[in-house]
Amino acid sequence: MIPPIPLSTIDPHMMWLMVGFAGVTILYAVLRGSRAKKDPLARGPSSASLARQRNVERQMESLLVELSEMARQITAQLDTRAAKLEALIHEADEKISALRQGGAMPSQAMTPNAPPQWTTASIDPQHEAVYALADQGKPTAEIARQLNRPNGEVELILALRARV
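Residues numbered from 1 in each chain as written. Predicted model: local features only at pLDDT ≥ 70, side-chain atom pairs only at ≥ 80, totals over all residues. Heavy atoms only, no water.

*Asks:* Give me the lowdown on the overall build of the chain, citing residues and values where you can.
*Replies:* Looking only at helices and strands, the chain has five helices and zero strands in total. Sequence-distant contacts, at least 24 apart, represent 23% of the contacts inside the chain between residues at least 6 apart. (Helix = DSSP H or I, 4+ residues; strand = E, 2+ residues; numbered from the N terminus. Contact = heavy atoms within 4.5 Å.)

Next up, the structure:
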């Protein structure tokens, strides 16, 4: 450790020089510390960050345009399907009224608890072949193979036959 120097031996000019040096050092430490603690967001935006921000804005706008276009397409598809369903419902209602008026289904059989009484004229001729092979005791897979029809269709025809 360095022994302390008595103040009486120091030149007064040297004393002011040391005090000034200490003051400058303290001032430097204070200013340097406050400069390092500045908020980076407090600075004004630079040109690079503005370009990046505009690029993000363009991307967001294009994404919004794509989303609105997709929503428009989905809405159009839903409207088309709804129109098709309405047309099918209308067609089904017309066929029901035609069947009621045509006599293929007696009006007394239209009660909710009674099953419909179909006449023999209402059996589909294409189904008769399925019925004939089923009456011979052939399995569903063989009937489908012989008539070149899907298994599910043959099963459906036979399942609906029980209701007729």
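*Asks:* Any details on the pattern of salt bridges? Residues and values, ideally.
*Replies:* Throughout the structure, instances matching the rule amount to four salt bridges. Taking the shortest distance from any N to any O, the salt bridge between Lys138 and Glu142 comes out at 3.6 Å. What makes Lys138 partly exposed here is its relative accessible area of 27%. Judged by relative accessible area, Glu142 falls into the partly exposed class, the value being 27%. Between Glu153 and Arg149 there is a salt bridge; the shortest N-O distance is 3.3 Å. With a relative accessible area of 32%, Glu153 lands in the partly exposed category. (Salt bridge = Lys/Arg side-chain N within 4 Å of Asp/Glu carboxyl O. Buried < 20%, exposed > 50% of the residue type's maximum accessible area, 1.4 Å probe, protein only.)

*Asks:* I'd like to hear about the confidence of the model for the chain, residue by residue, with values.
*Replies:* Scored by pLDDT, the chain comes out at a mean of 79, with 74% of its residues at no less than 70. Overall, residues 105-111 carries pLDDT values under 50, and its contacts beyond four positions in sequence, including any with other chains, amount to twelve contacts. (pLDDT = per-residue confidence, 0-100.)

*Asks:* So what's going on with the nonpolar core? Which residues, and what values?
*Replies:* Within the largest apolar cluster, seven residues are counted, these being Val130, Tyr131, Leu133, Ile143, Ala144, Val154 and Ile157. Among the secondary structure elements, those contributing two or more residues to this core are helix H3 (125-135), helix H4 (140-147) and helix H5 (151-161). Examining the composition of this core, we find that three residues originate from one element, H3, more than from any other. Sequence-distant contacts of Ala144, that is, excluding residues within four places in its chain, are made with Arg149, Pro150, Asn151 and Val154. (Core = buried A, V, L, I, M, F, W, Y, C linked by side-chain atoms within 4.5 Å.)

*Asks:* So what's going on with the side chain of Arg149? Which residues, and what values?
*Replies:* Tracing the sequence through the fold places Arg149 in the loop between H4 and H5. Sequence-distant contacts of Arg149, defined by excluding residues within four places in its chain, comprise Gln126, His127, Val130, Ala144, Val154 and Ile157.

*Asks:* How would you summarise the packing of H4 against H5 if you had to cite specific residues and measurements?
*Replies:* For the pair H4 and H5, the least separation of the axes is 9 Å and the interaxial angle reads 115°. Both H4 and H5 take part in a crossing whose hand is right-handed. For the pair formed by H4 and H5, the contact residues are Thr140, Ala141, Ile143 and Ala144 on the first element and Asn151, Val154, Glu155 and Leu158 on the second. Of the residues contributing to the contact of H4 with H5, the split by class is five nonpolar, two polar and one charged. (Axes fitted to C-alpha atoms, helices over the stretch in contact; angles between N-to-C directions. Left-handed = near helix turned anticlockwise from the far one by under 90°. Nonpolar A, V, L, I, M, F, W, Y, C, P; charged D, E, K, R; others polar.)

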